[in-house]
Amino acid sequence: MFVGAPLLFTGTPDSGAGPTSPLIRITFSGSFTAFDEIAEQHHVTRIKTIGDAYMATTGLHLHDPDHAVNLVSAGLAFVDYLNKRNETAKQQWHCRIGINSGSVIGGIIGKSRFIYDILGDDVNVAARVESNGVSMKVTITETTKNQLNNAFTCTDLGLKNLKGKGEMRLFTVEPNH
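Right, let's walk through the structure included here. (Residues numbered from 1 in each chain as written. Predicted model: local features only at pLDDT ≥ 70, side-chain atom pairs only at ≥ 80, totals over all residues. Heavy atoms only, no water.)

### Some thoughts on the nonpolar core
Side chains that are nonpolar tend, in soluble globular proteins, to be buried together. Judged by nonpolar contacts, the single largest core of 29 residues is most densely connected at L8, Y54, V72, I97, I99, V138 and I140. Every element with two or more residues in this core is listed here: α1 (22-41), β3 (53-57), α2 (67-86), β4 (96-109), β6 (138-141) and β8 (166-175). For this core, the element with the most residues is α2, which contributes ten residues. Setting aside residues no more than four positions away along its own chain, L8 makes contact with Y54, M55, A56, L71, G75, F78, I97, G98 and I99. In terms of nonpolar packing, the next biggest core, distinct from the first, is built from eleven residues, F9, I118, V123 and A126 among them. (Core = buried A, V, L, I, M, F, W, Y, C linked by side-chain atoms within 4.5 Å. Buried < 20%, exposed > 50% of the residue type's maximum accessible area, 1.4 Å probe, protein only. Helix = DSSP H or I, 4+ residues; strand = E, 2+ residues; numbered from the N terminus. Contact = heavy atoms within 4.5 Å.)

Below, the structure written as structure tokens:
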């Protein structure tokens, strides 16, 4: 079990085309490749993509006191990438990014088609934070905010009702200026 691990989900509130559109598949592939490169720069590990969602974490196997800062920095870089991409792209892509920190179990799943995955209630919370997040912003829980050591400017969104989880205080995150 990993305790205090930050977890990131991205999702698209309005992709603008059907999920089977060739343009959408190309857009996701190119953007997810860029996300992978950004993730590597911030010591973040992509766990998997799920349709139009991207799931990542950091701080699982190596102790790093800045693991939450690294993940939030990667999320902000994802948004910067999409903003720059959208300036010239035919197909605009907007995303919500949700981050929660908590306990997860990680390991290899399956017998014939192995995949590394992370499981746990805090993974579900991260997904709910994304779905309650703000388009083109990084939205975090108070648990994650408490791990950031004032490295970012956080704006309180108030209490939000997260499906199956009840009310949680959420924040959007911006770089300190």
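### Quick word on α2
Between its first and last C-alpha, α2 extends 29 Å over 20 residues, near the 28 Å set by a 1.5 Å rise per residue. Taken across its 20 residues, α2 has 16 buried, putting it largely inside the fold. (Expected span 1.5 Å × (residues − 1).)

### Concerning the environment of D36
Relative to the elements of secondary structure, D36 occurs in helix α1. Since its relative accessible area comes to 26%, D36 is described here as partly exposed. Separated by 38 residues in sequence, D36 and A74 place their C-alpha atoms 9.8 Å apart.

### Focus on the pattern of salt bridges
Per the counting criterion, the structure on display carries six salt bridges. Of the charged contacts, one joins R169 and D156 as a salt bridge, the two residues approaching to 3.1 Å between their closest N and O atoms. In this pair, R169 sits in strand β8 while D156 sits in strand β7 (residues 152-162), placing the two residues 13 residues apart along the sequence. Of the residues examined, D156 reaches a relative accessible area of 41% and is grouped as partly exposed. (Salt bridge = Lys/Arg side-chain N within 4 Å of Asp/Glu carboxyl O.)

### Brief notes about the packing of aromatic side chains
Enumeration over the complete set of coordinates arrives at eight aromatic pairs. When the centroid spacing of 6.2 Å and the interplanar angle of 80 degrees are considered together, the rings of F35 and Y81 count as edge-to-face. With F35 in helix α1 and Y81 in helix α2, this pair connects stretches of sequence that are 46 residues apart. Judged by its relative accessible area of 0%, F35 is buried. A ring pair is formed by Y54 and F78, whose centres lie 5.5 Å apart and whose planes are at 85 degrees; its orientation type is edge-to-face. Residue Y54 is located in strand β3, and its partner F78 is located in helix α2; the two are separated by 24 residues in the primary sequence. With respect to burial, Y54 and F78 carry one shared label: buried. Of the aromatic side chains, those joined through ring pairs into one cluster are F32, F35, Y54, F78, Y81 and W93. In this arrangement the basic side chain of K145 is found over the ring face of F171, its NZ or CZ atom lying 5.3 Å from the centre. (Phe/Tyr/Trp six-rings, centres within 6.5 Å; stacked < 30°, edge-to-face > 60°. Lys NZ or Arg CZ within 6 Å of the ring centre and 35° of its normal.)

### As for a nonpolar patch on the surface
A surface patch of nonpolar side chains, about 320 Å² in accessible area, is lined by I105, I109, I115 and L119. Only β4 and β5 (115-119) provide two or more residues apiece to the nonpolar patch. Mapped onto the secondary structure, I115 falls in strand β5. (Patch = residues over 30% accessible without salt bridge, like charges linked within 9 Å, V, L, I, M, F, W, Y side chains within 5 Å. Areas by Shrake-Rupley, 256 points an atom, 1.4 Å probe, with all protein chains shown as cover.)

### Remarks on the side chain of S73
In this structure, S73 sits in helix α2. Since its relative accessible area comes to 18%, S73 is described here as buried. Those residues in contact with S73, other than ones at most four positions away along the chain, are H42 and F152.

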